[in-house]
Amino acid sequence: MGQDGNKREKKKMLPEDVKTQKRTAASIPIKGAGEVSCAVAKRCGGCQWMDRDYQEQLHEKEKQVRKILTPYCRLEGIVGMDQPLYYRNKVHAVFGEDQKHRPVSGIYEERTHRIVPVDSCLIENQTADAIIVSVRELLPSFKIRPYNEDTGYGLLRHVLIRTGRISGQIMVVLVLTSPILPSKNNFVKALLKRHPEITTIVVNVNYRSTSMVLGEKEQVIYGKGYIEDMLCGKTFRISPKSFYQVNPVQTETLYTKAMEYAALTGCETVVDAYCGTGTIGIIASDKAKQVIGVELNADAVRDARCNAKINQVRNIRFYQNDAGRFLLEMVSQGVKVDVVLMDPPRNGSSEEFLEAVAHMAPGKVVYISCNPETLGRDMKYLTGRGYKAEKAVAVDMFPFTGHVESVVLISKVEK
Ligand code: SAH
């Protein structure tokens with residue numbers, strides 16, 4: 001989950017960046033797509049594995065997860081993508097100026113203070129990339145200057161695009177240093193003329209010198225201010241700041257596996273711990289008696305409640321709390337839980353949470369993990385407290401990066 005934060009490091013632009021793109025090209029064979037290559041793979045740092053064959057990547061990830069889970073259970077295998085390109089539904093570009101004050105857009109070079117100009121990326125939604133190029137091309141005629149970190153002048157800092165895979169809806173977020181976009185209506189008109197597929201445009205104001213892309217204040221300048229997308233037959237609302245998995249194809253694979261492992265019959269009380277915007281719990285709600293979602297982030301909880309309403313789910317409740325503290329409270333109130341679905345961030349679960357699970361003694365725990373290391377640590381704890389792992393599967397949510405997701409079915413040992 002956790003590798004899609006809103007944080008960015010402060011970086012500067014070097015004039016030779018445009019010219020040097022070609023030099024670092026890495027080529028990779030992709031089934032059905034021939035040979036593809038990325039000109040900036042080495043400098044961007046987003047895809048640590050861009051030069052590896054996709055089957056080899058899957059093999060390596062499977063090996064990693066198997067090594068960690070070997071003491072506990074069998075790994076069923078890894079589910080990769082048939083088409084591992086252009087999967088990201090959320091695309092971010094930083095804007096700046098070159099030495100001649102011409103607008104540039106792209107990505108921050110890893111660990112340096114430079115913007116690497118990028119017009120297209122092999123793992124990003126292609127329409128989103130095209131919209132970013134259009135925004136950049138429109139800037140001069142509207143006399144909108146990108147923000148220049150050195151001088152402090154300029155208006156446009158970032159553009160964030162979010163796309164709905166099933167709905168086809170597209171949101172453009174323009175991150176500005178001030179709330180006023182000159183010739184706003186004409187700019188919107190010009191952008192829509194090039195991309196009629198855009199369904200909403202939001203201005204976000206971020207005037208602070210911070211590593212966060214988005215600021216607090218927002219103004220919707222076109223459409224509803226959010227998009228919707230579907231996962232496993234349910235609809236979810238995505239606002240500029242909402243957490244939403246970046247690879248929707250594999251998210252569906254992951255959630256479907258989690259549901260298969262949970263094998264709900266309609267009679268269970270289910271906890272969706274670390275529930276984010278409620279996606280897993282809402283998907284589980286059809287097959288459960290009731291679902292209790294717990295999440296620390298207040299905005300995510302608000303989105304989760306809204307998502308429950310959109311889907312007319314009435315057997316789910318969301319609580320804003322630390323998952324460990326909340327579970328301990330449930331234990332002290334004697335609440336009986338049959339299944340715990342847990343999807344913690346990269347640093348895994350807390351001992352308090354695992355302790356509470358052991359006391360609560362649900363028949364099943366379905367652990368969704370984005371970090372095999374912390375999964376291994378938490379497995380050690382649970383298997384020492386009356387639980388055993390039954391089976392596991394790895395899912396490649398982030399092709400061309402070293403990250404891997406896994407789902408483990410853990411059940412209570414009968415006494
Ligand atoms: N299950 C969701 C989100 C998982 S990401 C999905 O698939 O979309 C992990 C979530 O855990 C984040 O939303 C984060 O805000 C939340 N989180 C982190 N620490 C937490 C804690 N101590 N207690 C509860 N939630 C926490």
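Reading the values: rules and limits
- Residues numbered from 1 in each chain as written.
- Predicted model: local features only at pLDDT ≥ 70, side-chain atom pairs only at ≥ 80, totals over all residues.
- Heavy atoms only, no water.
- Helix = DSSP H or I, 4+ residues; strand = E, 2+ residues; numbered from the N terminus.
- Rg over C-alpha atoms; globule rule 2.2 N^0.38 Å.
- Buried < 20%, exposed > 50% of the residue type's maximum accessible area, 1.4 Å probe, protein only.
- Areas by Shrake-Rupley, 256 points an atom, 1.4 Å probe, with all protein chains shown as cover.
- Lys, Arg positive; Asp, Glu negative; His and termini not counted.
- Charge placed at Lys NZ, Arg CZ, Asp CG, Glu CD.
- Polar contact = N/O pair within 3.5 Å; in protein donor to acceptor, adjacent residues only side chain to side chain.
- Phe/Tyr/Trp six-rings, centres within 6.5 Å; stacked < 30°, edge-to-face > 60°.
- Lys NZ or Arg CZ within 6 Å of the ring centre and 35° of its normal.
- Contact = heavy atoms within 4.5 Å.
- Pairing = 2+ DSSP bridges.
- Right-handed = clockwise from strand over helix to strand, strands pointing away.

K.L.:
Help me out: how do you make sense of the overall build of the protein chain in this one?
P.N.:
When helices and strands are tallied, the protein chain shows 11 helices and 19 strands. Since a compact globule built from 415 residues should have a radius of gyration of about 22 Å, the 23 Å found for the protein chain is in line with a globular shape. C-alpha extents for the protein chain along the principal axes are approximately 75 × 45 × 35 Å. For the protein chain, the residues scored as buried account for 56% of the 415 residues in total. Accessible surface, the protein chain: about 18600 Å² in total, of which carbon and sulfur atoms supply 49%. Taking the average place of the 58 positive charges on the side chains of the protein chain and the average place of its 48 negative ones, the gap between the two points comes to 4 Å.

K.L.:
What should I look at first to understand the environment of Lys234 in this one?
P.N.:
Examined against the element boundaries, Lys234 turns out to sit in strand E12 (residues 234-238). Considering only alpha carbons, one finds Lys234 and Gln250, 16 residues apart in sequence, at a separation of 15 Å. Polar side-chain contacts of Lys234 include one of 3.0 Å to the side chain of Asp286.

K.L.:
I tried to follow the packing of aromatic side chains on my own but got confused; where do I start?
P.N.:
What characterises a pair of aromatic rings is the spacing of the ring centres plus the angle enclosed by the ring planes. Per the counting criterion, the structure on display carries 4 aromatic pairs. Measuring from centroid to centroid gives 5.3 Å for Tyr274 and Phe353, while their planes differ by 55 degrees, and the two rings are tilted. Within this pair, whereas Tyr274 is found in the loop between strand E13 (269-273) and helix H7 (279-285), its partner Phe353 is found in helix H10 (residues 351-360), the two being separated by 79 residues in sequence. Across the pair, Phe353 and Tyr274 agree in class, each one buried. The ring of Tyr147 carries the charged tip of Arg157 above its face, separated from the ring centre by 4.9 Å. In this arrangement the basic side chain of Arg237 is found over the ring face of Tyr226, its NZ or CZ atom lying 3.8 Å from the centre.

K.L.:
I tried to follow the side chain of Thr163 on my own but got confused; where do I start?
P.N.:
Residue placement: Thr163 occurs in strand E7 (residues 156-163). Other than its neighbours up to four places away in sequence, Thr163 contacts Asn89, Asn125, Ala128, Gln169, Ile170 and Ile227.

K.L.:
Just to check I follow, could you spell out the pairing of strand E15 (residues 316-320) for this structure?
P.N.:
Look at any regular strand and the pattern is simple: side chains alternate between the two faces of the sheet. One ladder, built from 5 bridges, connects strand E14 (residues 290-295) with E15; its direction is parallel. Across the sheet, the residue bridging to Ile292 is Arg317, located in E15. Following the backbone out of E14, through helix H8 (residues 298-310) and into the adjacent parallel E15, one traces a crossover that is right-handed.

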